[in-house]
There are 2 protein chains.
Amino acid sequence: MSVETTITEIARSARTASRDMAKCPTAKKDEVLLKVADEIINQTKHIKKENKKDLSHAKKAGLSSAFIDRLAISDSTIKSMSDGLKEVAALEDPVGSVSRTLMRPNGLQVSRMRIPLGVIGIIYESRPNVTVDAAGLCLKAGNAVILRGGSESFCSNQALAGIIKKALKESGLPEEAVQTVPVRERIAVNALLSQEEYIDLIIPRGGEGLIRFVVENSKIPVLKHYKGVCHVYVDDGADLGMAGKICFNAKVQRPGVCNAMETMLVHRGVAKAFLPGIAKEFARAGVEIRGCPKTCRILPMANKATEEDWPAEFLDLVVAVRVVDDMDQAIGHIEKYGSNHTESIVTSDYSRARRFLREIGSSVVLVNASTRFNDGGQLGLGAEIGISTSKLHAFGPMGLEELTTTKFIVFGDGQVRE
Amino acid sequence: MSVETTITEIARSARTASRDMAKCPTAKKDEVLLKVADEIINQTKHIKKENKKDLSHAKKAGLSSAFIDRLAISDSTIKSMSDGLKEVAALEDPVGSVSRTLMRPNGLQVSRMRIPLGVIGIIYESRPNVTVDAAGLCLKAGNAVILRGGSESFCSNQALAGIIKKALKESGLPEEAVQTVPVRERIAVNALLSQEEYIDLIIPRGGEGLIRFVVENSKIPVLKHYKGVCHVYVDDGADLGMAGKICFNAKVQRPGVCNAMETMLVHRGVAKAFLPGIAKEFARAGVEIRGCPKTCRILPMANKATEEDWPAEFLDLVVAVRVVDDMDQAIGHIEKYGSNHTESIVTSDYSRARRFLREIGSSVVLVNASTRFNDGGQLGLGAEIGISTSKLHAFGPMGLEELTTTKFIVFGDGQVRE
């Protein structure tokens with residue numbers, strides 16, 4: 001069979017399975033999730049054996065140690081996958097909920113009913129835990145899912161997906177509701193991205209290169225973010241103790257993630273009072289500062305920022321710092337260099353707080369809080385499948401609800417159109 | 001300037017204008033809409049003069065009389081464009097509304113704020129009224145809009161857009177918030193569909209050919225429906241008087257639109273009692289029946305349906321009729337041949353009504369009402385910009401709210417991530 005035929009068959013059978021999943025009661029979906037949560041623990045030995053095959057391949061191929069780190073499945077990876085599934089099982093099922101009911105003058109009762117999207121394709125890189133995390137969320141929301149992990153994690157993903165398929169079957173659900181792509185070559189990704197007849201949504205997870213490839217080649221809607229160039233703006237008259245704590249947390253607590261601060265904008269009225277203190281703390285944490293000329297005058301030890309530093313996602317212990325004349329300049333900077341991901345203002349001024357919230361067009365805008373809160377769990381959505389900086393369908397962290405849509409349901413008594 | 005450069009310049013300036021539109025207070029947006037509503041009436045002579053140029057072109061080119069009908073602007077077209085704008089001005093502004101506020105255990109207050117999408121591209125065929133209707137809705141929702149009408153309506157569209165731009169300018173808003181594409185060649189559409197950096201959404205309006213062309217070539221998200229193959233299922237034990245009225249209305253009241261019934265499914269238990277009566281009414285209205293073998297046994301005058309008739313969007317006084325064994329077969333038929341647009345059940349049975357609503361995956365599912373109600377105005381959304389059968393972002397009729405999205409806004413008091 002050609003790759004195209006194989007992938008079309010997978011997508012077609014996923015579509016069929018999605019019809020059963022859409023009808024599946026919550027209790028049965030939760031039963032499957034909890035069964036998988038247990039079975040992942042029971043099958044630790046098998047999972048690790050398959051993972052070892054991937055690891056030895058990767059080592060032979062000379063892949064970096066950071067890469068191999070992400071690929072490795074430890075006991076704690078297994079426990080966290082299992083716990084994650086239990087959390088998802090405990091979340092409220094969005095499917096079937098009815099909202100926004102209104103009565104029309106002719107007596108028609110119009111509502112919206114939440115329904116699954118159908119078939120979701122997940123395209124990701126080397127972390128095998130995505131296989132379990134993403135499948136759990138998609139299933140709970142009543143969807144079928146096609147998983148395409150990095151070819152380097154092929155054996156690990158097959159082992160994990162096998163456990164999920166077995167649990168589906170044992171609960172009388174179609175095992176085609178969770179499928180992996182049994183082709184290592186990248187051409188399989190192109191084939192997957194052409195199945196617009198059977199797949200409703202593609203979610204790519206990984207580096208900017210992977211995501212751009214998916215967006216360029218997909219005929220199916222894609223939810224994604226390319227990068228997170230997140231800003232904190234320290235306003236004139238801000239509580240500088242609070243500003244220091246927020247900026248330090250936003251940069252240092254976990255620098256390698258998309259909601260970490262990359263650029264700090266400081267009002268010139270507080271620059272001299274604020275910068276030396278935070279610079280000392282950054283220095284202790286090993287953070288390199290790349291400053292604008294005004295910043296460098298206040299902090300002579302700082303490196304000079306270049307034009308490339310402003311739109312950069314460092315994902316590292318590096319921060320760009322710019323002193324701005326006022327909030328207009330801060331907003332202008334964010335509009336020019338930002339990525340619509342997450343921005344925060346630290347301020348004590350009521351009307352500037354309101355204006356920042358209104359005018360910044362990012363998916364999450366905060367007042368007096370760390371950018372690190374852009375996360376489904378932290379914002380109260382439960383587990384998340386990713387963060388969208390596309391405005392269509394979902395903007396910000398995506399939880400179970402974002403894996404569904406609504407249809408209109410209408411109750412009549414024989415009404416016809418005049 | 002090359003076509004690409006021209007279009008990029010239009011898209012870039014639309015993006016800039018969209019920032020001002022996003023901040024624009026409701027009263028100012030309504031002022032512009034009402035000014036345009038008046039000015040369209042005042043400029044009737046000018047609009048008709050420009051329209052005449054398009055009409056004489058179209059006649060010379062030998063275009064069909066149906067085509068010329070759609071292209072022509074009469075006094076009543078002008079009145080209805082003007083009235084439409086007044087209606088949109090009277091609708092509630094979705095922008096800025098805050099919803100779904102929740103308090104996190106750490107004291108963060110998390111809400112969603114409704115914001116405009118940004119820049120919307122509308123690609124349509126020959127009806128010049130779309131220029132005014134679509135621009136009005138996009139502006140009210142705080143967006144900038146780029147209009148690409150059919151090249152046959154070039155002069156009409158320029159005249160109408162000119163009136164809108166003048167009103168924007170007079171109200172101190174950027175006239176780049178409404179732009180037409182000053183290039184007649186189709187290559188301009190391809191250039192438009194590549195501006196993913198500046199345009200957030202494309203809405204194509206027209207025949208299936210245009211829509212497929214847009215979907216195939218767009219790098220920007222597209223909201224669309226290809227066609228409406230809408231079904232009415234007359235259940236066993238249905239009130240046959242009601243069923244007759246609903247089926248007649250769904251087929252005959254306006255057969256050329258996407259929410260008209262194309263196929264009638266009748267339970268075998270009521271087929272003999274129901275079909276002869278409705279067939280008589282259909283015959284009086286000039287409706288051709290194409291029936292399955294069972295239908296043709298009951299209605300000897302009916303034509304035989306072929307396999308091509310089941311997925312067909314007739315848009316005409318033609319109806320396909322099939323007798324089914326039970327509701328399962330009706331649902332299976334709709335899943336196989338339907339277009340996810342609109343389906344209705346006529347029934348007196350509580351649990352079958354519930355099941356039909358739950359299991360049919362179309363954008364609007366009705367019980368005991370005509371399919372003709374799939375319309376933004378009829379369902380209480382106000383004016384609509386189209387109907388989406390894509391599940392992402394909007395599914396069903398799209399009103400002002402569907403031309404917006406939400407961002408998360410977070411109020412903190414210095415919270416950092418643990």
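Residues numbered from 1 in each chain as written. Chains lettered and ligands numbered in written order. Predicted model: local features only at pLDDT ≥ 70, side-chain atom pairs only at ≥ 80, totals over all residues.

Undergrad: Go over the overall build of chain A, please, and point to the residues and values.
TA: The secondary structure content of chain A amounts to 14 helices and 16 strands. Considering only C-alpha atoms, chain A reaches an extent of 70 × 70 × 35 Å along its principal axes. Across the 418 residues that make up chain A, the buried fraction comes to 52%. Long-range pairs, those at least 24 residues apart, make up 70% of the contacts in chain A between residues at least 6 apart in sequence. (Helix = DSSP H or I, 4+ residues; strand = E, 2+ residues; numbered from the N terminus. Buried ≥ 20, exposed ≤ 12 C-beta atoms within 10 Å, placed from the backbone. Contact = placed C-beta atoms within 7 Å.)

Undergrad: Quick rundown of the sheet that holds strand 6 (residues 201-205) of chain B? Include the residues and the values.
TA: Residues and elements named next belong to chain B. Read across the open sheet, the four strands follow the order 5-4-3-6; overall the sheet is parallel. Among the strands making up the open sheet, the edge pair consists of strand 5 (178-180) and strand 6. Averaged over neighbouring strand pairs, the angle between their axes works out to 20° when direction is ignored. Taken together, the five bridges between strand 3 (residues 119-124) and strand 4 (residues 144-148) define a ladder with parallel strand orientation. Of the residues in strand 4, the one forming a bridge with Gly121 is Ile146. On the sheet, helix 7 (residues 154-170) packs against strand 4 and strand 5 and is oriented at approximately 155° with respect to strand 5. (Pairing = 2+ DSSP bridges. Axes fitted to C-alpha atoms, helices over the stretch in contact; angles between N-to-C directions.)

Undergrad: So, the sheet that holds strand 1 (residues 98-103) of chain A: which residues are in play, and what are the values?
TA: The strand order across the open sheet built from ten strands is 1(A)-2(A)-16(A)-13(B)-12(B)-7(B)-8(B)-11(B)-9(B)-10(B), with neighbouring strands paired in mixed fashion. At either end of the open sheet lies a strand with only one pairing partner, and these are strand 1 of chain A together with strand 10 (303-304) of chain B. Pairing between strand 1 of chain A and strand 2 (residues 109-116) of chain A: four bridges, direction antiparallel. Across the sheet, residue Met103 of chain A finds its bridge partner in strand 2 of chain A, namely Gln109 of chain A. In the packing of helix 11 (residues 268-284) of chain B onto the sheet, the strands contacted are strand 7 (230-234), strand 8 (261-267), strand 9 (288-291) and strand 11 (318-324) of chain B, and the crossing angle to strand 8 of chain B comes to about 145°.

Undergrad: How would you sum up the domain arrangement of chain A? Please name residues and give values.
TA: Each assigned domain of chain A is listed with its residue range as follows: domain 1 (3-224 + 397-410) and domain 2 (230-378). Spacing between the C-alpha centres of domain 1 of chain A and domain 2 of chain A amounts to 35 Å. (Domains from an automatic or database assignment.)

Undergrad: Help me get a handle on helix 3 (residues 44-60) of chain A, residues and values and all.
TA: Residues and elements named next belong to chain A. The end-to-end C-alpha distance of helix 3, which contains 17 residues, comes to 24 Å, matching closely the 24 Å that a straight helix rising 1.5 Å per residue would cover. Looking at the buried positions of helix 3, the neighbouring elements they touch are helix 2 (26-42), helix 4 (65-71), helix 5 (75-90) and helix 7 (154-170). Once helix 3 ends, the next one or two residues include Gly62, with phi positive near 75°. (Expected span 1.5 Å × (residues − 1).)

Undergrad: Tell me about the relation of the copies chain A and chain B, and please be specific about residues and values.
TA: Mapping chain A onto chain B calls for a rotation angle of 180° and an axial translation of 0.0 Å; the resulting RMSD is 0.0 Å. Expressed as a symmetry operation, the mapping of one chain copy onto the other fits a two-fold axis. Taking C-alpha positions as reference, the residue of chain A nearest the rotation axis is His393 of chain A, located at 1.8 Å. Interface residue correspondence from chain A to chain B reaches 100%, placing this contact among same-surface, isologous pairings. (Least-squares fit on C-alpha atoms with pLDDT ≥ 70 in both.)

Undergrad: Report on the confidence of the model for chain A, specifying residues and quantitative values.
TA: Put simply, chain A has an average pLDDT of 96, and 100% of its residues get 70 or more. The complex model carries a pTM of 0.95, and its ipTM stands at 0.96. (pLDDT = per-residue confidence, 0-100.)

Undergrad: Kindly report on the environment of Ile345 of chain A, identifying the contributing residues and their values.
TA: All names here are of chain A. Mapped onto the fold, Ile345 is located in strand 12 (residues 342-346). Its 28 C-beta neighbours within 10 Å are what place Ile345 among the buried residues. If we ignore the near neighbours within four places in the chain, the residues touching Ile345 are Tyr233, Asp235, Ala353, Phe356 and Val367.

Undergrad: How would you sum up the interface of chain A and chain B? Please name residues and give values.
TA: In this assembly, 50 residues from chain A lie in contact with 50 residues from chain B. Where the side of chain A that touches chain B is concerned, the elements lending two or more residues are strand 2, helix 10 (240-252), helix 14 (350-359), strand 13 (364-369) and strand 16 (404-415) of chain A. Ranked by the residues each element gives to the side of chain A that touches chain B, the list is headed by strand 16 of chain A, at eleven residues. Broken down by class, the residue content of the side of chain A that touches chain B amounts to 24 nonpolar, 16 polar and ten charged. As judged from the five bridges shared by strand 13 of chain A and strand 16 (residues 404-415) of chain B, these two strands associate in the parallel manner. Residue pairing across strands places Leu366 of chain A opposite Val410 of chain B, the latter belonging to strand 16 of chain B. (Nonpolar A, V, L, I, M, F, W, Y, C, P; charged D, E, K, R; others polar.)

Undergrad: Could you give an account of the environment of Ser370 of chain B, with specific residues and numbers?
TA: Residues and elements named next belong to chain B. Mapped onto the fold, Ser370 is located in the loop between strand 13 (364-369) and strand 14 (386-388). A tally of 31 C-beta atoms within 10 Å means that Ser370 is categorised as buried. Taking the C-alpha atoms as reference points, Ser370 and Ser13, separated by 357 residues in sequence, lie 44 Å from one another.

Undergrad: So what's going on with the pairing of strand 8 of chain B? Residues and values would help.
TA: Residues in a regular strand project their side chains so that they alternate between the two faces of the sheet. Residues and elements named next belong to chain B. With seven of seven residues buried, strand 8 lies mostly within the body of the structure. Sheet topology places strand 7 next to strand 8; five bridges connect them, and they run parallel. In the sheet register, His231 faces strand 8, and the bridge partner there is Thr263. With helix 10 (residues 240-252) bridging strand 7 and the parallel strand 8, this β-α-β connection has right-handed handedness. Relative to strand 11, strand 8 runs parallel, the two sharing five bridges. Bridged to Val266 within strand 11 is Val323. (Right-handed = clockwise from strand over helix to strand, strands pointing away.)

Undergrad: An account of the environment of Leu366 of chain B is needed here, citing residue identities and associated values.
TA: Within the fold, Leu366 of chain B resides in strand 13. Residues Leu366 of chain B and Ala134 of chain B lie 232 residues apart in sequence; the distance between their C-alpha atoms is 27 Å. Discounting residues that sit within four places of it in the chain, Leu366 of chain B has contacts with Val410 and Gly412 of chain A together with Ser344, Thr371 and Phe373 of chain B.

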